[in-house]
Amino acid sequence: MAQPREAGWTSTACPLCSLNCGLEVRPENGRLAKIRGDKQHPLSEGYLCQKAARLDYYQNHERRLRHPLRRRPDGSFERIDWDTAINEVAARLKAVRDEHGGHAIAYYGGGGQGNHLGGAYAVPFRAALETPYVYNALAQEKTGDFWVNGKLFGRQTCHLTEEIHHADYAIILGANPWQAHGIPKAREVLRAFKKDPNRTLVVVDPRRTVTAEYADIHLQVRPGTDAFLMTAMLGTMIQESLENRAFLDEHTVGFDELREQLHHVPVNEYAERAGCDPAVVRKIASDFARARAGCTRHDLGLEQSLHSTLNTYLEKLLALIPGHFGKPGTINLHTQFAPLVGHSKETAPKTRVTGMRQISKFYPPNVLPSEIDTDHPERLRALFVDSGNPLQTAADTHACRRAFKKLDLLVVVDVAMTETAEAADYILPGPTQLEKTEATFFTLSFPTNYFHVRRPVLKAPQGDDTLPEPEIYRRLLVALSEIPDRFPLLERAARWHMKRPSLGIFPKALGLTIARNPKWKRYAATILYATLGKALPDRAESAAVLWGTCQFYAKRYPEQVRRTGLSGGSSAALGEALFQRIMHTDTAIPISTHTHDEVWQLVLHEDGKIHLAIPEMLTELAALAAEPVEREDAASFPFILAAGERRAYNANQIYRDPAWRKSDRDGALRIHPEDATNLGLSDGDRVRCESAVGAVEVAIERDDAMRPGCLSLPHGFGMQYPDADGRLRQNGAAINELTESRRCDPLARTPWHKYVPVRLARLGGREV
Ligand SMILES: Nc1nc2c(c(=O)[nH]1)N[C@H]1C(S)=C(S)[C@@H](COP(=O)(O)OP(=O)(O)OC[C@H]3O[C@@H](n4cnc5c(=O)[nH]c(N)nc54)[C@H](O)[C@@H]3O)O[C@H]1N2
Ligand SMILES: Nc1nc2c(c(=O)[nH]1)N[C@H]1C(S)=C(S)[C@@H](COP(=O)(O)OP(=O)(O)OC[C@H]3O[C@@H](n4cnc5c(=O)[nH]c(N)nc54)[C@H](O)[C@@H]3O)O[C@H]1N2
Ligand code: SF4
Ligand SMILES: [Mo]
């Protein structure tokens with residue numbers, strides 16, 4: 001268990017990416033005076049990257065929201081009090097619901113890289129509004145992947161994780177963990193590969209990233225052609241009989257169908273089409289298939305490029321066909337402590353205008369403008385955004401702006417004045433993640449899984465009038481007349497429970513209350529917050545929902561929870577012990593440990609097997625053969641832009657003050673030196689970069705790591721921030737002015753952000 005902290009230091013976690021590394025911070029006068037890695041954190045063990053050291057720029061800046069705001073008719077904002085804000089927002093949402101139905105309301109976001117507790121309490125709020133429509137950034141990247149998981153493993157909640165640190169052969173496709181992480185202690189993992197001659201790392205990326213510099217083999221793939229490359233690898237495995245027969249027979253169905261299709265793949269042609277040497281591709285396929293522990297990892301380079309859903313399917317097949325699953329150093333399923341991702345049946349509600357399906361309970365931002373900006377009688381009329389900035393981060397900013405103007409109501413919950421907040425009718429400010437209790441549901445590891453509740457490390461400045469998201473949602477439910485303001489009996493039971501949990505007084509009282517008011521079942525999270533939450537010490541109300549989560553988790557994985565050293569005869573007692581440990585440890589704790597064999601308990605098809613053949617994917621795979629080699633628009637848009645590279649100094653839209661950046665202040669457009677020379681451009685020259693729907697102006701940086709014909713712009717720029725004169729100035733390119741919402745995966749509608757056809761024009765001069 002955790003050791004005492006050095007005087008003056010306290011612990012938290014980094015809210016900038018899904019790894020949530022443990023931090024130790026030294027607060028001084030409302031600032032984070034010092035920040036270092038928390039060696040006691042069992043996963044990050046003191047690791048941190050350069051971005052975390054700048055965390056004070058998230059806490060203290062000119063665009064923090066400090067009190068609720070309402071838009072005046074002239075477009076400016078006025079300060080209002082919380083009662084007015086809550087009552088007016090509730091009344092207007094109720095009016096839309098009652099007149100048009102809950103389907104006219106959508107919810108966007110629900111959490112970011114460091115905050116998911118608020119989202120847990122948004123579930124009851126949406127139930128009251130009677131809307132199934134949750135739009136989320138995950139549906140800008142991972143929903144195709146989740147859909148594939150549903151087909152392979154039985155449910156869209158079956159999510160894979162990579163034990164890459166124990167792999168002896170790893171293939172990383174379309175991911176740059178050196179900068180973007182996505183795997184724990186990414187830089188140490190890459191260094192370890194480089195040092196060990198017996199381990200092989202292959203990186204597939206059109207750009208020679210820092211990650212690629214650590215690879216034994218870098219395949220500088222032509223953008224958008226990974227499906228061809230992976231099909232060529234799979235074809236090699238089948239044609240050279242490298243499949244793991246024993247594994248496939250015992251654990252999978254559908255292999256024969258796959259084999260049938262892959263047997264005929266023109267390996268050389270597909271490898272060349274991907275811009276790769278067929279001999280190298282064959283060798284990788286065969287060495288990987290023969291490896292003791294092989295592991296694949298992908299990220300946005302596959303998900304946000306052509307064939308994104310198919311790509312994620314093929315990437316999994318690469319590991320599954322040789323049987324690199326369910327063993328140390330391979331890919332594995334992991335448990336979900338709290339439901340970050342749900343499962344959507346094919347019968348789940350579709351969107352009313354575009355008829356888009358739900359995946360993992362989410363809808364894709366790519367269809368949002370079309371769902372609003374139309375005369376369709378069932379269009380969306382109200383949007384409630386929490387922890388997201390779609391006017392910057394969703395595809396096609398122009399279309400989103402036009403659409404958002406047509407909304408009857410836009411409400412934004414955030415900690416900063418974002419571009420989306422600027423467009424809102426009401427802005428409801430939350431405390432920062434350093435000022436409140438928070439946790440993320442990114443518990444993505446196997447065999448041991450971890451969870452971390454963090455306490456406030458700073459007090460909100462005097463005069464700030466913010467409310468934590470769970471309290472905002474509770475008050476909205478009360479204002480919607482769905483629940484009472486107080487639950488006196490339950491509150492008392494909760495206080496007793498904290499003193500003598502073993503008596504089970506609170507669970508019994510809660511059960512009785514809900515039995516008497518069955519409608520409240522859907523508000524259980526909020527009721528926990530309003531009752532048990534009040535009894536929790538140290539401003540930890542928001543963690544109340546985790547009590548329920550611990551109960552579910554202990555019931556589902558009792559053996560695995562006990563392996564972390566917890567005891568408790570009944571699952572209720574075990575859940576209680578887990579909750580106590582989470583609440584009383586000031587860093588992450590292990591919540592369960594599986595054995596690798598037990599991974600099969602996480603496969604949720606009734607037959608317990610992996611279903612390899614997915615008809616929709618096999619159709620798309622077959623159609624690759626007929627795909628034209630040349631783009632139709634190549635003459636007018638000769639370059640392919642990867643719009644959204646992760647670099648040393650970007651972090652989604654979390655840091656707004658550009659001063660946080662130590663380099664690349666304006667987010668340069670990277671271009672191969674030959675391309676630059678052909679266009680007569682030198683470093684720092686400004687260009688206009690134009691797509692079919694928009695244009696941005698940026699300075700260029702020549703970079704021989706780029707593939708010729710490819711360009712790259714960073715994610716996380718283009719935000720407004722006041723300069724020294726107090727005037728708002730945009731920092732860097734707002735890249736989604738270039739992206740189009742219809743350019744997306746046909747199945748999941750995830751955008752092709754990494755494959756944007758563009759042209760360049762030198763500013764003030766000739767078009768090139
Ligand atoms: N520094 C930093 N780190 C972050 C974030 C951040 O904003 N900044 N954001 C976080 C979030 S939300 C996410 S989702 C992750 C994303 O993490 P990553 O996906 O790893 O990051 P990206 O740089 O967006 O894209 C990965 C790579 O895909 C490559 N690529 C582009 N097109 C193609 C293609 O057609 N094929 C292949 N094979 N590769 C291609 C790019 O060159 C790039 O190197 O990062 C997280 N970490
Ligand atoms: N062109 C292009 N577009 C992209 C991408 C790309 O690569 N290229 N990447 C996509 C990806 S992978 C992602 S994940 C999305 C990310 O895009 P979004 O989902 O919009 O998320 P963020 O940019 O992280 O914005 C998070 C918001 O949460 C706010 N926030 C921070 N802390 C709190 C808090 O405690 N409470 C509340 N209520 N708010 C808080 C921040 O101020 C910020 O406004 O962007 C996507 N858009
Ligand atoms: S790897 Fe991610 S969580 Fe860890 S310090 Fe860097 S940005 Fe923060
Ligand atoms: Mo993301």
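Each value, and the rule that gives it
Residues numbered from 1 in each chain as written. Chains lettered and ligands numbered in written order. Predicted model: local features only at pLDDT ≥ 70, side-chain atom pairs only at ≥ 80, totals over all residues. Heavy atoms only, no water. Helix = DSSP H or I, 4+ residues; strand = E, 2+ residues; numbered from the N terminus. Rg over C-alpha atoms; globule rule 2.2 N^0.38 Å. Areas by Shrake-Rupley, 256 points an atom, 1.4 Å probe, with all protein chains shown as cover. Phe/Tyr/Trp six-rings, centres within 6.5 Å; stacked < 30°, edge-to-face > 60°. Buried < 20%, exposed > 50% of the residue type's maximum accessible area, 1.4 Å probe, protein only. Lys NZ or Arg CZ within 6 Å of the ring centre and 35° of its normal. Pairing = 2+ DSSP bridges. Contact = heavy atoms within 4.5 Å. Axes fitted to C-alpha atoms, helices over the stretch in contact; angles between N-to-C directions. Salt bridge = Lys/Arg side-chain N within 4 Å of Asp/Glu carboxyl O. Domains from an automatic or database assignment. Buried area = accessible area lost by both parts, 1.4 Å probe. Polar contact = N/O pair within 3.5 Å; in protein donor to acceptor, adjacent residues only side chain to side chain. Near = heavy atom within 4 Å. Nonpolar A, V, L, I, M, F, W, Y, C, P; charged D, E, K, R; others polar. Core = buried A, V, L, I, M, F, W, Y, C linked by side-chain atoms within 4.5 Å. Expected span 1.5 Å × (residues − 1). Arc of directions from axis to C-beta. Patch = residues over 30% accessible without salt bridge, like charges linked within 9 Å, V, L, I, M, F, W, Y side chains within 5 Å. Lys, Arg positive; Asp, Glu negative; His and termini not counted. Charge placed at Lys NZ, Arg CZ, Asp CG, Glu CD.

Q: Is there a simple way to explain the overall build of the chain in this structure?
A: The helix and strand inventory of the chain stands at 27 helices and 28 strands. On C-alpha atoms alone, the chain measures out to a radius of gyration of 26 Å, which is about the 27 Å that the 2.2 N^0.38 rule sets for 768 residues. Overall, the chain is about 70 × 65 × 60 Å in size when its C-alpha atoms are taken along their principal axes. A total of about 28,900 Å² of accessible surface is found on the chain, and carbon and sulfur atoms cover 49% of it.

Q: So what exactly am I meant to see when it comes to the environment of His-594 here?
A: Within the secondary structure, His-594 is located in the loop between strand S19 (589-593) and strand S20 (610-611). In this structure the C-alpha to C-alpha distance between His-594 and Glu-559, which are 35 residues apart in sequence, comes to 8.5 Å.

Q: What is the right way to look at the packing of aromatic side chains in this model?
A: The geometry of an aromatic ring pair comes down to the distance between the two centres and the angle between the two planes. Taken as a whole, this structure holds 22 aromatic pairs when the rule is applied. For the pair Tyr-107 and Tyr-473, a centre-to-centre distance of 6.5 Å together with 50 degrees between the ring planes defines the contact as tilted. Of this pair, Tyr-107 sits in strand S6 (residues 105-109) while Tyr-473 sits in helix H19 (residues 469-479), and the two are 366 residues apart along the sequence. When sorted by exposure, Tyr-107 lands in the same class as Tyr-473, which is buried. Members of the aromatic cluster, each reached through a chain of ring pairs, are Phe-337, Phe-441, Phe-451, Tyr-553 and Tyr-557. Sitting above the plane of the Tyr-107 ring, Arg-126 keeps its charged end 4.7 Å from the centroid.

Q: I'm lost on the sheet that holds S6 in this one. Help?
A: Whether parallel or antiparallel, the strands of a sheet pair through hydrogen bonds between backbone atoms. Reading across from one edge, S5-S4-S17-S16-S15-S6-S7 is the order of the seven strands in this open sheet, with mixed pairing throughout. The sheet is open, and its two edges are formed by strand S5 (77-79) and strand S7 (134-135), each paired on a single side. Strand direction decides the pairing type here: S6 and strand S15 (residues 382-386), joined by five bridges, are parallel. The residue of S15 that forms the bridge with Ala-106 is Leu-383. Against the sheet, H19 touches S6, S15, strand S16 (409-414) and strand S17 (426-429), its axis set at about 150 degrees to S15.

Q: What exactly am I supposed to notice about the pattern of salt bridges here?
A: A pair can form between side chains of opposite charge whenever their charged atoms are brought close. For the coordinates displayed, the defined rule picks out 62 salt bridges. The salt bridge involving Arg-245 is made with Asp-249; its shortest N-O contact spans 3.3 Å. Of this pair, Arg-245 and Asp-249 are both found in helix H9 (residues 245-251), four residues apart, which corresponds to roughly one turn of the helix. We classify Arg-245 as partly exposed; its relative accessible area is 36%. Put simply, Arg-207, Glu-645, Arg-647, Asp-664, Arg-670, Glu-701 and Asp-703 are held in one network by salt bridges that share partners.

Q: Before we go on, may I ask you to explain the domain arrangement of the chain in this structure?
A: In many reports, interface size means the accessible area that the parts give up when they come together. Taken domain by domain, the chain comprises domain 1 (69-128 + 339-429), domain 2 (161-332) and domain 3 (631-762). Taken together, the contact pairs 20 residues of domain 1 with 25 residues of domain 3. For the domain 1 and domain 3 pair, buried surface summed over both sides reaches about 1,600 Å², with 50% attributable to carbon and sulfur atoms. Where domain 1 packs against domain 3, one counts one salt bridge. For Arg-656, the salt bridge goes to Glu-419, with nearest N and O atoms at 2.6 Å. The tally of links between domain 1 and domain 3 comes to 14 residue pairs in polar contact (both at pLDDT 80 or more). When contributions to the side of domain 1 that touches domain 3 are tallied by element, the ones reaching two or more residues are helix H16 (390-393), helix H17 (397-405) and helix H18 (419-422).

Q: Explain the site of ligand 2 to me, please; I cannot follow it from the model alone.
A: Inspection of the region around ligand 2 gives 32 residues, with Thr-393, Asp-414, Glu-469, Ala-643 and Arg-646 positioned closest. Contact distances for ligand 2 include 3.4 Å between an oxygen atom and a side-chain N or O atom of Gln-304. Within the backbone of Asn-389, a nitrogen or oxygen atom sits 2.8 Å from an oxygen atom of ligand 2. Taking 920 Å² as the accessible area of ligand 2 by itself, protein coverage stands at 97%. Sorting the residues of the shell around ligand 2 by element identifies S16 and strand S21 (639-645) as the ones contributing at least two each. When grouped by side-chain class, the residues that make up the shell around ligand 2 number 10 nonpolar, 15 polar and seven charged. Domain assignment of the residues forming the shell around ligand 2 places at least three in each of domain 1 (69-128 + 339-429) and domain 3 (631-762).

Q: Looking at this structure, I do not really get the nonpolar core. What am I missing?
A: General note: in soluble globular proteins, nonpolar side chains tend to be found buried as a group. Core analysis: the largest hydrophobic core is formed by 172 residues, its most contacted members being Tyr-313, Phe-325, Phe-337, Phe-384, Leu-546, Leu-578 and Ile-582. Among the elements that line this core, the one with the most residues is helix H8 (residues 226-239), at nine residues. In this structure, this core is formed jointly by two domains, domain 1 (69-128 + 339-429) and domain 2 (161-332), each of which donates at least three residues. Once residues lying within four places of it in the same chain are set aside, the contact partners of Leu-546 are Leu-117, Phe-337, Phe-441, Phe-451, Val-453 and Phe-579. One finds Tyr-108, Ile-372, Ala-403 and Phe-404 within the second-largest nonpolar core, a separate group that totals 27 residues.

Q: Explain the sheet that holds strand S22 (residues 669-671) here, please?
A: As summarised here, the arrangement of the six strands in space is S21-S25-S22-S24-S23-S28, forming a closed barrel in which the pairing is mixed. Pairs of neighbouring strands in the sheet enclose a mean axial angle of 45 degrees, with direction left out of account. As paired elements, S22 and strand S24 (residues 695-702) share three bridges and run parallel to each other. Among the inter-strand pairings, Ile-671 is bridged to a residue of S24, identified as Arg-702.

Q: Before we go on, may I ask you to explain helix H21 (residues 505-516) in this structure?
A: Think of an α-helix as turning once every 3.6 residues; residues three or four places apart then point the same way. For H21, spanning 12 residues, the distance from its first C-alpha to its last is 17 Å, which sits close to the expected 16 Å at 1.5 Å a residue. Taken together, the buried positions of H21 are Phe-506, Ala-509, Leu-510, Thr-513 and Ile-514. Seen end-on, H21 carries its buried residues on one side only, within an arc spanning 130 degrees. Turned more than 90 degrees from where H21 packs its buried face, Lys-508, Leu-512, Ala-515 and Arg-516 sit exposed.

Q: Any chance you could explain the side chain of His-452 here in plain terms?
A: Position of His-452 relative to the elements: it lies in the loop between strand S18 (448-451) and H19. For His-452, a relative accessible area of 10% corresponds to the buried category. Not counting the four nearest positions on each side in its chain, His-452 is found in contact with Thr-12, Ala-13, His-41, Glu-438, Ala-439, Thr-440, Asp-586, Thr-587 and Ala-588.

Q: Can you help me understand a positive patch on the surface in this one?
A: A cluster of like positive charges, contributed by Arg-155, Lys-345, Lys-361 and Arg-556, occupies part of the molecular surface. Within the secondary structure layout, Arg-155 lies in the loop between helix H4 (143-153) and strand S8 (159-162). For Arg-155, a relative accessible area of 34% translates into the label partly exposed.

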